[in-house]
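One letter stands for each residue in the lines below.
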Amino acid sequence: MANEPLSGKTALVTGASSGIGEATAHALARDGARVALAARREQALDGVASDVEREYDAETLVVPTDVRDESSVAETVETTVEAFGHLDVLVNNAGLARGESVEEMTTDQYAAMMETNVDGVFYATREAIPHLRETDGNLVFVGSFAGQYPRPFNPVYAASKWWVRGFAHSVEARVGADGVAVTVVNPTEVRTEFGSAYGESFAERFEEGEVTEPEEVAEAIAFAAGQEKSTVSELDLYRRDKFSGF
Ligand SMILES: NC(=O)c1ccc[n+]([C@@H]2O[C@H](COP(=O)([O-])OP(=O)(O)OC[C@H]3O[C@@H](n4cnc5c(N)ncnc54)[C@H](OP(=O)(O)O)[C@@H]3O)[C@@H](O)[C@H]2O)c1
């Protein structure tokens, strides 16, 4: 259908319990996809699933997942394919930020961020690629402005996002010829629960209108996911004043 570019498609969104992932689940379902929702908080996922089903009359699947656990991720991809029959879109969105300086960061804090932002992305991509090859599917990564420019505030987080971009484009070089499209979406500050691991969340820190809303990022992801023949490769979604005083 013209207004449902993802009709007949299925999508798996990691980090779908809040923020960008939740908004993405809405955007993909609105565009006609059946959407599997993955994150650790099952109750929050249930809430997102019932909102999405009610608003778009869409089919959803709640798959509690810890992206730091490779068997959990493998089970999630398998459950999704079993339930939906095939997989057309993976959105690698789950992520975690901490704000400690390098010299103050404990090894546990470092590991939590790397296992979530790097290992989790690797596990989900590895499990999804064989299915995406079958469907000429779309692989979308949520990167960051922090993965494009040096960030004094949180170097480990920034480096994890540089890894995501490097991985995504290298995977793109590998699977593009097989018909799989790869996109990285790079937002600047977005009003979500992001940042709550070390203090005020971005939703609390910024007023409405001051920075990007999760729905705007979700639109970029849905646009990338809707590409039939091309790949968008990279989409930068910056707040308009980002470069002032840079
Ligand atoms: N907000 C920003 O300013 C901003 C800017 C650039 C890029 N990003 C990126 O955008 C992505 C989404 O973040 P957000 O802003 O929407 O923040 P958010 O509201 O905090 O969402 C993060 C999501 O990741 C999930 N998650 C975290 N650890 C997980 C784990 N071990 N297993 C499974 N899911 C896990 C969380 O779900 P559970 O807690 O339920 O597991 C949650 O759904 C992240 O990759 C982030 O780096 C955000």
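Our subject in this report is the structure included herewith. As a convention, each chain's residues are numbered from 1 in the sequence order in which they are written. Totals for whole chains, interfaces and linings use every residue, but because this is a predicted model, local features are given only for residues with pLDDT of at least 70 and side-chain atom pairs only at 80 or more, for both listing and counting. Side-chain numbers here rest on the full set of heavy atoms in the structure, without hydrogens or water.

## What about unusual backbone geometry?
Heads up, the condition is: The helix and strand labels rest on DSSP assignments: H or I over at least four residues marks a helix, E over at least two residues marks a strand, and numbering proceeds from the N terminus.
Phi is positive for D57, close to 55°, though the residue is something other than glycine. By secondary structure assignment, the location of D57 is in the loop between α2 (42-56) and β3 (60-64).

## Things to note about the nonpolar core
Defined as follows: The term nonpolar core refers to a set of buried residues drawn from Ala, Val, Leu, Ile, Met, Phe, Trp, Tyr and Cys, joined through side-chain atoms within 4.5 Å. Buried, partly exposed and exposed residues are distinguished by accessible area as a fraction of the type maximum, computed with a 1.4 Å probe on protein chains only: under 20%, between the cut-offs, and over 50%, respectively.
Ranked by size, the top nonpolar core spans 33 residues in total, and within it L28, V35, L37, V91 and I221 carry the most contacts. For this core, the secondary structure elements donating two or more residues are β1 (10-14), α1 (19-30), β2 (34-39), α2, β4 (89-92), β5 (138-142) and α7 (214-225). If one sorts the elements of this core by residue count, α7 sits on top with seven residues. In terms of nonpolar packing, the next biggest core, distinct from the first, is built from 29 residues, V81, V164, A168 and V180 among them.

## Quick notes on the site of the ligand
The condition is simple: Nearness is judged by heavy atoms alone; a residue qualifies as near a molecule or strand once a single heavy atom is within 4 Å of it. Each polar contact in these results corresponds to two N or O atoms within 3.5 Å; when the atoms are within protein, one needs to be able to donate a hydrogen and the other to accept it, and residues that are neighboring in sequence are counted only if both atoms are side-chain atoms. Surface exposure here means Shrake-Rupley accessible area, sampled with a 1.4 Å probe, where a residue is shielded only by the protein chains that are shown.
Taken together, 30 residues surround the ligand, and among them R40, N93, Y157, V190 and T192 come closest. Contact distances for the ligand include 2.8 Å between an oxygen atom and a side-chain N or O atom of R41. In the environment of the ligand, a nitrogen atom lies 2.8 Å from a nitrogen or oxygen atom belonging to the side chain of D66. Here the ligand, which alone exposes 880 Å², has 95% of that area covered by the protein. At the level of secondary structure, the elements contributing two or more residues to the shell around the ligand comprise α1 and α5 (155-175).

## Quick look at the pattern of salt bridges
Applicable threshold: Salt bridge, as applied in this entry: a Lys or Arg side-chain nitrogen positioned within 4 Å of an Asp or Glu carboxyl oxygen.
Considering all chains together, one arrives at 15 salt bridges under this definition. The partner of K9 in a salt bridge is E228, with the nearest N and O atoms 3.7 Å apart. Note that K9 is positioned in the segment before β1 and E228 in the loop between α7 and β7 (233-237), a separation of 219 residues in sequence. Judged by its relative accessible area of 22%, K9 falls in the partly exposed class. Exposure remark for E228: the relative accessible area of 54% places this residue in the exposed category. Ionic contacts of the salt-bridge type, sharing partners, join the residues E189, R239, D241 and K242 into one network.

## Brief notes about α2
The criterion, for reference: Given a helix with a known number of residues, its expected span is that number minus one, times 1.5 Å.
The terminal C-alpha atoms of α2, which comprises 15 residues, lie 21 Å apart, in line with the 21 Å expected from a rise of 1.5 Å per residue. With its phi angle positive at about 55°, D57 sits one or two positions after the end of α2.

## Brief notes about the sheet that holds β1
The following threshold applies: When DSSP finds two or more bridges between two strands, those strands count as paired. To obtain each axis, a line is fitted to C-alpha atoms, and for helices this fit is confined to the stretch in contact; angles are then taken between N-to-C directions over 0 to 180 degrees.
Spatially, the seven strands line up as an open sheet ordered β3-β2-β1-β4-β5-β6-β7, and their pairing is parallel. With partners counted over all chains shown, the strands left at the sheet margins are β3 and β7, one partner each. Across the sheet, the mean angle separating the axes of adjacent strands is 15° when strand polarity is ignored. For β5 and strand β6 (residues 181-187), the ladder comprises five bridges, and the chain directions are parallel.

## Some points on the pairing of β2
The condition is simple: Looking down the strands as they point away from the viewer, one classifies a crossover as right-handed if the path from the first strand across the helix to the second runs clockwise.
Where burial is concerned, most of β2 is hidden: five out of the six residues are buried. As paired strands, β1 and β2 are joined by five bridges and run parallel to one another. Bridge pairing links T10 to R34 in β2. Assessed by its sense of winding, the connection that carries the chain from β1 through α1 to β2 is right-handed. Bridge count for β2 against β3 is five bridges, and the pairing is parallel. Each bridged residue has a counterpart across the sheet, and for L37 the counterpart in β3 is V62.

## Topic: the packing of helix α4 (residues 107-135) against α5
Threshold: For classification, angles of less than 35 degrees are called roughly parallel, those exceeding 145 degrees roughly antiparallel, those between 65 and 115 degrees roughly perpendicular, and all remaining angles oblique. Each crossing gets its hand from how the near helix is turned against the far one by less than a right angle, where anticlockwise is left-handed and clockwise is right-handed. Two residues form a contact once any of their heavy atoms are found within 4.5 Å.
The interhelical angle for the contact between α4 and α5, taken along N-to-C directions, is 15°, at an axis separation of 10 Å. Relative to α5, the element α4 lies roughly parallel. Classified by chirality, the crossing of α5 by α4 is right-handed. Here α4 contributes Y110, M113, M114, N117, V118, V121, F122, T125, I129 and R133 to the contact with α5, which in turn contributes V156, Y157, S160, W163, V164, F167, V171 and V175.

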